[in-house]
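# Tertiary structure, described
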Amino acid sequence: MKPSGIQNAGALLLVLLIGALLAVLLVNEYRANTALIEQNQRLLKSTAYKTLNLFIEEQLSTYPRELNTLKNQWKAFSPDIYWFNQGQQMYPFVAGSDMESIFEQMWSDYADDGGPSEHAGSEDATRRFLTLQVLSAARAGDQDLLRENLGKFLTHKENYSLLPVEEIVSWLVLLAADDVSWSDEFAGNALIKGWQGGRQTIASVADSFLLNSNSISAHDLQLMQAYITRAAKRHDVSIAPFQQYLDRLYQPLQLPDFPDQGIWLLDEQWLVIARDNKQHIVIPAELEKRIARVEELLKHQGLLNSDDQLTTSVNTNWLSLDESTISINKISWEQALQRQRYFFLLKLLLLAVLLVLAVIAGYAVRQRIRRKQAFIRMQEDFINLISHELKTPLASIRIMSETLDKRLQQNLEPRDYTRRIIAESDRLQMMVSNILSYNQLGEARDSLSSDQFDLLDVITETTDDFEEAGTGQLEFRLNIPENTCISINRLLFVLVIRNLISNAIKYKAHAIVKVNLEYEAESHSLIVRDNGIGIPDNEWEQVFEKFYRSPQTSRQKGIGLGLSLSRAIMRKYGGDLKVLGSDSHGTHWQIQFGRA
């Protein structure tokens, strides 16, 4: 590779390296800005998730933290929360299904008019006896006896806990008696509220029913529910809180395997909160409502704009509730990302344009430098060539003139010195004319004049000059109609013809130089054919370049300006000069004239 090629490759590589470095910087800047936006998204998602957790914990704080407390205070809470202990639903209460039905037998036992002597030492027999004693006093209308027997009945309930079914039956037998009317307060306490005794609470029908429902058969529960409903209507007791639990009694919540910890979303309906002691609390999800509340709070705090939105992305039935379930549709983020992408692409485009411009500018500067260097070399070569070419004919003329002078002084024959001096003078004159005409053509611009003249007259005069000069054996053939008028500077056109004829003489292939000149009216051109050595077809255009010398003619004298000057003259006047064909038999030239 040439040194200039190495320099060009090095400069191009440097530009590409700088461009690659700038591209890397732009990519890193884009990634950093995008990462900053994504970090803001993560932080806001984390804030939204933590706020959602706070709202969930706020709801959980309204419920007891212990299951026993929840069971004992069930009247204060609606059954919208589920409590599981080691996978078993403990709250709301569930009905047993595979238990033996004993309610009807128990009811029959309490209907018998027996006493404690029948089952000595049996607390359930004592309970039946006390129940019948209370009914007997109530039917007799003896209030003192009724209070006494009722006190014994309540004291027995406080001190002894029987089977849940028997506890319920003992109450319902009293409340179901058609011939006894109880006060609303007594009926309400018996059915729902219960009594606070000296040491502990006396359980009501609802307490015994719900807290022990999983140990009572489903059939017995349904029978008891019917008795409870009739008793409530008869004594005008509201069982609305109790009824809410009855609605869920036979529809326990079915859950898959319980997670160990965290907050989980189930079927987009329930939130499952896993405690460390294998306790699981399930509350209604109400996710959209909770998210809307979080969104409202974040907007109030200025973390979200008025047109921003929080949404949930739930696509499974069992999903851990974390930051990934919250989506933030923040318009400013989308706009920021779009701006980042837009400016990134714009910067890359500008960088690419700058690189291309840098390469083009570098190439242009390099070409300008090369042209300048080539012009300087051309000037140096031209000066050297002109110096050499001018010295040669001058030296020849001087030597031949001195020789001729000596021979004349000695009365000797002059031989052909006079002809040779004339030939060298003509060559020197042609050279000077070409140089001056080229300079005149470059500086004159549009100031060169045009002459109207007959083509045949000019060609005839020019060929006669060559024949009279005795420059060799010449044979001209003219096929030019008379009165063929052309418009061009006469002197410059003569120079064109003389250059073509001089080349035919200089590069002759035969002893007789033959030049045919023929005018073509259709193309308005002059065809010049010679019988010289010809021009290789790959040099047909190169011969018109300034100072170009074909390798096969480099031994001939000349400066390589004739053809370049001739083409420039013809093009200056709207025409052209080109090679139509060339081989070993000669060259065909076409002088194209401009149209008037």
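See above for the structure.
Please read all numbers here as calculations on a predicted model, not as lab measurements.

## As for the overall build of the protein
Across its full length, the protein holds 16 helices and 17 strands. Out of the 596 residues belonging to the protein, those deemed buried represent 40%. The contacts of the protein with a sequence gap of at least 6 include a subset with a gap of at least 24, amounting to 65%. Put simply, the protein shows about 33,800 Å² of open surface, and 51% of that area lies on carbon and sulfur atoms.

## Things to note about the side chain of Glu 295
Relative to the helices and strands, Glu 295 is located in helix α11 (residues 287-300). Glu 295 sits in the buried class, given a relative accessible area of 15%. Side-chain polar atoms of Glu 295 contact the side chain of Lys 299, separated by 2.9 Å. Residues within four places of Glu 295 in sequence aside, it is in contact with Leu 304, Asp 308, Gln 309 and Leu 310.

## Digging into the pattern of salt bridges
Close approach of charged atoms lets side chains of opposite charge pair. Within this structure, the stated rule accounts for 17 salt bridges. The partner of Asp 124 in a salt bridge is Arg 128, with the nearest N and O atoms 3.9 Å apart. In this pair, Asp 124 and Arg 128 both sit in helix α4 (residues 123-140), 4 residues apart, roughly one turn of the helix. A residue is classified by how much of its surface remains accessible, and Arg 128, at 11% relative accessible area, is buried. A cluster of three or more residues bridged by salt bridges with shared partners is formed by Glu 541, Arg 567, Arg 571 and Asp 576.

## What about the packing of aromatic side chains?
Evaluated as defined, the whole model comprises 18 aromatic pairs. On the numbers, 5.6 Å between centres and 40 degrees between planes, the contact of Phe 93 with Tyr 245 is tilted. Here the residue Phe 93 occupies a position in the loop between β2 (88-91) and α3 (103-111), and Tyr 245 occupies one in helix α10 (residues 240-249), the gap between them amounting to 152 residues. Residue Phe 93 is classed as buried on the basis of its relative accessible area, which comes to 4%. Connected via pairs of aromatic rings, a cluster forms that spans Phe 153, Trp 171, Trp 182, Phe 186 and Trp 195.

## Details of α3
For α3, every residue scored as buried is listed here: Phe 103, Met 106 and Tyr 110. Projected onto a plane normal to the axis of α3, the buried residues spread over an arc of 65 degrees and lie on a single side. Summarising the geometry of α3, the exposed residues directed more than 90 degrees from the buried face are Glu 104, Gln 105 and Ala 111. Along its buried surface, α3 packs onto α4, α6 (164-175) and α9 (218-234).

## A closer look at the nonpolar core
Across soluble globular proteins, nonpolar side chains have a tendency to be buried as a group. Tyr 91, Phe 209 and Phe 242 are the most contacted members of the largest nonpolar core, which totals 82 residues. Contacts of Phe 242, omitting those with residues within four sequence positions, involve Trp 74, Ile 192, Ala 206, Phe 209, Leu 210 and Ile 228. Formed by 40 residues, the second largest nonpolar core is a distinct cluster that contains Ile 488, Ile 505, Tyr 519 and Leu 565.

## Concerning the packing of α3 against α9
For the pair α3 and α9, interaxial distance at closest approach is 9 Å and the crossing angle is 50 degrees. The angle between α3 and α9 falls in the class oblique. For the pair α3 and α9, contact is made by Phe 103, Glu 104 and Trp 107 and by His 219, Asp 220, Leu 223, Met 224 and Tyr 227, respectively. Residues belonging to the contact of α3 with α9 are distributed by class as follows: 5 nonpolar, 1 polar and 2 charged.

## Regarding the sheet that holds strand β14 (residues 513-520)
Here we have 5 strands laid out as an open sheet, ordered β12-β14-β15-β17-β16, and mixed in their pairing. Each edge of the open sheet is held by one strand with a lone partner, namely β12 (474-479) and β16 (576-583). The average angle at which neighbouring strand axes cross in this sheet is 15 degrees, direction not considered. Alignment of β12 against β14, held across 6 bridges, turns out to be parallel. Following the sheet pairing, Arg 477 is matched in β14 by Asn 516. Strands in contact with helix α15 (residues 490-506) are β12, β14, β15 (525-530), β16 and β17 (586-592); relative to β17, the strand with the most contacts, it is inclined by about 175 degrees. Where helix α16 (residues 562-572) meets the sheet, it contacts β16 and β17, and its direction lies at approximately 135 degrees from that of β16.

## Here we look at unusual backbone geometry
Excluding glycine, residues mostly carry a negative phi; peptide bonds, for their part, are mostly trans. Cis geometry marks the peptide bond from Tyr 91 to Pro 92; its omega dihedral reads -10 degrees. As for its placement among the helices and strands, Pro 92 is situated in the loop between β2 and α3. Even without being a glycine, Glu 286 presents a positive backbone phi close to 45 degrees. Of note in this structure, Asn 483 is not a glycine but carries a positive phi near 60 degrees. By relative accessible area, Asn 483 is classed as exposed at 69%.

## Side note on the environment of Ala 568
If you trace the backbone, Ala 568 turns up in helix α16. The partly exposed category is assigned to Ala 568, whose relative accessible area is 25%.

## So, the side chain of Ser 523
As for its placement among the helices and strands, Ser 523 is situated in the loop between β14 and β15. Filtering out sequence-adjacent residues up to four positions away, Ser 523 remains in contact with Gln 590, Gln 592 and Arg 595.

## Things to note about a nonpolar patch on the surface
There is a patch of nonpolar side chains on the surface, built from Tyr 342, Phe 343, Leu 346, Leu 349, Leu 350, Val 353, Leu 354, Val 356, Leu 357 and Ile 360 and spanning about 940 Å² of accessible area. With respect to the secondary-structure elements, Val 356 resides in helix α12 (residues 331-409).

## A look at the environment of Gly 562
Here Gly 562 lies in helix α16. Classification of Gly 562 as buried rests on a relative accessible area of 15%. Here the alpha-carbon distance between Gly 562 and Phe 547, two residues 15 residues apart in the chain, equals 8.8 Å.

## Describing the packing of helix α5 (residues 143-159) against α6
Here α5 crosses α6 at 165 degrees, and the two axes come no closer than 12 Å. In terms of their interaxial angle, α5 and α6 are classed as roughly antiparallel. Seen along the crossing, α5 lies across α6 with a hand that is left-handed. In contact with Phe 153, Leu 154 and Lys 157 of α5, α6 contributes Glu 167, Ser 170, Trp 171 and Leu 174. Grouping the constituent residues of the contact of α5 with α6 by class yields 4 nonpolar, 1 polar and 2 charged.

How each quantity is defined
Throughout, a residue's number is its position along its own chain's written sequence, starting from 1. In keeping with the predicted nature of the model, local features appear solely for residues at pLDDT of at least 70, side-chain atom pairs appear and are counted solely at 80 or more, and the whole-chain, interface and lining totals rest on all residues. The side-chain values count all of the structure's non-hydrogen atoms but skip hydrogen atoms and water molecules. Secondary structure elements are defined from DSSP: runs of H or I of at least 4 residues count as helices, runs of E of at least 2 residues count as strands, and each element is numbered from the N terminus. Burial here depends on accessible area, computed with a 1.4 Å probe over protein chains only, as a share of the maximum for the residue type. Under 20% is buried, over 50% is exposed, and the range in between is partly exposed. Whether two residues are in contact is decided by their heavy atoms: any pair within 4.5 Å suffices. Per-residue and other accessible areas follow the Shrake-Rupley method at a 1.4 Å probe size, with only the shown protein chains counted as cover for residues. For the purposes of these results, a polar contact is taken to be a pair of N or O atoms within 3.5 Å, where, inside protein, one atom must be able to donate a hydrogen and its partner to accept one; residues adjacent in sequence count only when each atom of the pair is a side-chain atom. One side-chain nitrogen of Lys or Arg within 4 Å of one carboxyl oxygen of Asp or Glu is enough to make a salt bridge. Stacked, tilted and edge-to-face are the three classes assigned to paired rings of Phe, Tyr and Trp, where Trp is represented by its six-membered ring and a pair needs centres within 6.5 Å; plane angles under 30 degrees give stacked, over 60 edge-to-face, the rest tilted. An arc is given here, and it is the one of the directions from the helix axis to the C-beta atoms. Each nonpolar core is a collection of buried residues, namely Ala, Val, Leu, Ile, Met, Phe, Trp, Tyr and Cys, held together in the definition by side-chain atoms within 4.5 Å. Geometry is summarised by axes, namely lines fitted to C-alpha atoms with helices restricted to the contacting stretch, and by angles between N-to-C directions that run from 0 to 180 degrees. Here roughly perpendicular refers to angles of 65 to 115 degrees, roughly parallel to angles under 35, roughly antiparallel to angles over 145, and oblique to all remaining angles. Any residue outside Ala, Val, Leu, Ile, Met, Phe, Trp, Tyr, Cys, Pro, Asp, Glu, Lys and Arg is labelled polar, Gly included; the first ten of those are nonpolar and the last four are charged. DSSP-based pairing: two strands are paired if at least 2 bridges between them are found. Residues with no salt bridge and a relative accessible area higher than 30% make up the patches, which join like charges within 9 Å and nonpolar side chains (Val, Leu, Ile, Met, Phe, Trp, Tyr) within 5 Å. Helix crossings get a hand from a simple test, with the near helix turned counterclockwise from the far one by less than a right angle marking a left-handed crossing and a clockwise turn marking a right-handed one.

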